[in-house]
Amino acid sequence: AEEMTGTSRFTLKQEKPWWWNFFVARQFSHGRAFLVGDCAHSWPPFGGLGGNTAYADAFNLSWKLAAACRGEASQALLNSYDIERRQAVLSTAMYVLGLVPRPAAMKPLLAPVFEWWPFSRWMRLIWHHKSSGLHAANHFASSGIMFGGKLNFSPLVAREAILPPDDPACGYQPVLRAGARLPHLLLPDGTAIAEHIANDRYTLLLLADASATAEALRAALQARGVACQVARVAAHAKGQETSGGQLAFEYAKHAMLVVRPDLHVAWRLKLSARPPDAAAVESVADTLSGRSGGGTDRWAEVERSTDYDSMRSYRLFMTQRFQAKLRPLGFAFPQATKVDGVTKAEAIAAVKANARTAPAAKGEFTTTTKATDLPAGGKEPAAATGSERTGGEGSKEP
């Protein structure tokens, strides 16, 4: 509260210990097993990104499992879940680390600074006006993290280049590119463009006259055992207003988009580009399906590709960066327990053992409750005696 408001003039009504964990699994899938939500990653509720990240996991995985149930899923399709989601989760975890407040032990040192009126006024201006969660501890502005995820290095995206993350992370910047989320657009007929996207298969979204290309791609995907639907929309009609402004004209520059059920663009065809020949269409179908024209699974080929090596290098970089940002927490919170490569029961035992030996009230993290939040009668509930922390420091790339 001091960091967000720039003042320490408030009354503490209740104080109790609060144990939290922070971990990211080494991998999110292995064979037929998939980790989703809190079993794949967990962190404190700063920014409210725990549940939202779990929903994104399910949104990414559900349509792939539906394809597997129909007998359409290639190995590349199923393995893409780990590739796509783990890099997104690591980015979210590092964003949350930037929101972790200072421990109680630092309050006596920081209080005079917070009370100094120039700093206090500056902090209020930052909190109310500056749109950067990383630089202003803005817990309620994270649209860039939630909507701006890019599927770089995904084996299912026919991308043209690596897409940089939104900067700052709290500001979502819609882009119409392969690998990015399909930007929201209200069409002239009053429907949202997302309403025309299938929820269990690819959608070939026709924005102009590209029927020949769409039919060729649909036939190529069908030959590989992959279902898709064709939808035609008018992103911008002359003389009609849309809610998208300049974004509507960006849509109008495209002849066709291939959109996944999780609303990410897998391939795009611009009006200014030459229509793809038969070989190019086959190549796109290979990428989207994870199979070659003869129905052979392409995962072994993907593993030998340069993009796959780049993906592994990027994941290792992100993992090491995440671990490096976690290390200072050990100094700021002496009661923190590092666990890695152990079972949940072993982690709980290590946390409890460390809690018994760590100095009392040193590095303790507490929550506060306002008087209006207390039970009827105004009596304060008994302080919590402690709970379990089951987290680890992070993950290491194998």
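Procedures and definitions
- Residues numbered from 1 in each chain as written.
- Predicted model: local features only at pLDDT ≥ 70, side-chain atom pairs only at ≥ 80, totals over all residues.
- Heavy atoms only, no water.
- Helix = DSSP H or I, 4+ residues; strand = E, 2+ residues; numbered from the N terminus.
- Expected span 1.5 Å × (residues − 1).
- Bend = angle between axes of the 7 residues up to and from the residue.
- Buried < 20%, exposed > 50% of the residue type's maximum accessible area, 1.4 Å probe, protein only.
- Contact = heavy atoms within 4.5 Å.
- Polar contact = N/O pair within 3.5 Å; in protein donor to acceptor, adjacent residues only side chain to side chain.
- Pairing = 2+ DSSP bridges.
- Phe/Tyr/Trp six-rings, centres within 6.5 Å; stacked < 30°, edge-to-face > 60°.

Asks: Looking at this structure, I do not really get helix α2 (residues 49–69). What am I missing?
Replies: Between its first and last C-alpha, α2 extends 30 Å over 21 residues, near the 30 Å set by a 1.5 Å rise per residue. The largest bend in α2 comes to about 25°, at L61. Within α2 the residues assigned to the buried category are L49, T53, A54, D57, N60, L61, W63, K64 and A67. Packed against the buried residues of α2 are β4 (33–34), β5 (41–42), α3 (75–97), α7 (143–147) and β6 (202–206).

Asks: Explanation requested: the environment of M146 in the structure shown.
Replies: For M146, the location among the structural elements is in helix α7. Expressed as a C-alpha distance, the spacing of M146 and T92, which sit 54 residues apart in the sequence, is 8.5 Å. Setting aside chain neighbours within four positions, we find M146 in contact with L49 and N52.

Asks: In this structure, what is going on with the side chain of D57? I would like to understand it.
Replies: Along the polypeptide, D57 turns up in helix α2. Judged by relative accessible area, which is 0%, D57 ranks as buried. Polar contacts involving the side chain of D57 include one to the main-chain amide nitrogen of G37, which spans 3.1 Å. In contact with D57, not counting residues within four places along its chain, are V36, G37, H41, Y81, R85 and V89.

Asks: Help me understand unusual backbone geometry, please; the structure alone is not making it clear to me.
Replies: A negative phi angle is the norm for most residues apart from glycine, just as the trans form is the norm for most peptide bonds. The phi dihedral of F153 falls on the positive side, at around 70°, and the residue is not glycine. Along the polypeptide, F153 turns up in the loop between α7 and β6. Accessibility expressed as a relative area gives 13% for F153, which makes it buried. One non-glycine residue with positive phi stands out, namely L263, at about 70°. Assignment of secondary structure puts L263 in the loop between β8 (254–259) and β9 (265–270).

Asks: Just to check I follow, could you spell out the side chain of S42 for this structure?
Replies: Assignment of secondary structure puts S42 in strand β5. Looking at S42, the relative accessible area reads 11%, which means it is buried. The contacts of S42, once residues within four sequence positions are left out, are N21, F22 and F23.

Asks: Please explain the pairing of β9 as it appears in this structure.
Replies: As a general feature of sheets, a regular strand has side chains that alternate between the two faces. The buried fraction of β9 is high, at five of six residues. Here β8 folds back onto β9 in antiparallel fashion, the turn holding five residues, of which L263 has a positive phi close to 70°.

Asks: Even after reading the chapter, I still don't get the packing of aromatic side chains, so can you show me in this structure?
Replies: Two descriptors summarise a pair of aromatic rings, namely the distance from one centre to the other and the angle between the planes of the rings. In this structure the tally under the stated criterion is eight aromatic pairs. Taking 6.0 Å as the distance between ring centres and 70° as the angle between the ring planes, the aromatic pair formed by F34 and Y81 counts as edge-to-face. Here Y81 lies in helix α3 and F34 lies in strand β4, a separation of 47 residues in the sequence. Each ring, one from F153 and one from Y314, has its centre 5.5 Å from the other, and the planes form 40°; the classification is tilted. Taken together, the positions of F153 in the loop between α7 and β6 and Y314 in helix α12 (residues 306–332) put the pair 161 residues apart, joining distant regions of the chain. Three or more aromatic residues joined by ring pairs form one cluster here, namely F22, W43 and F322.

Asks: Would you mind showing me how to read the environment of M318 here?
Replies: Summarising the element assignment, M318 is placed in helix α12. The exposure class of M318 is buried, given its relative accessible area of 3%.

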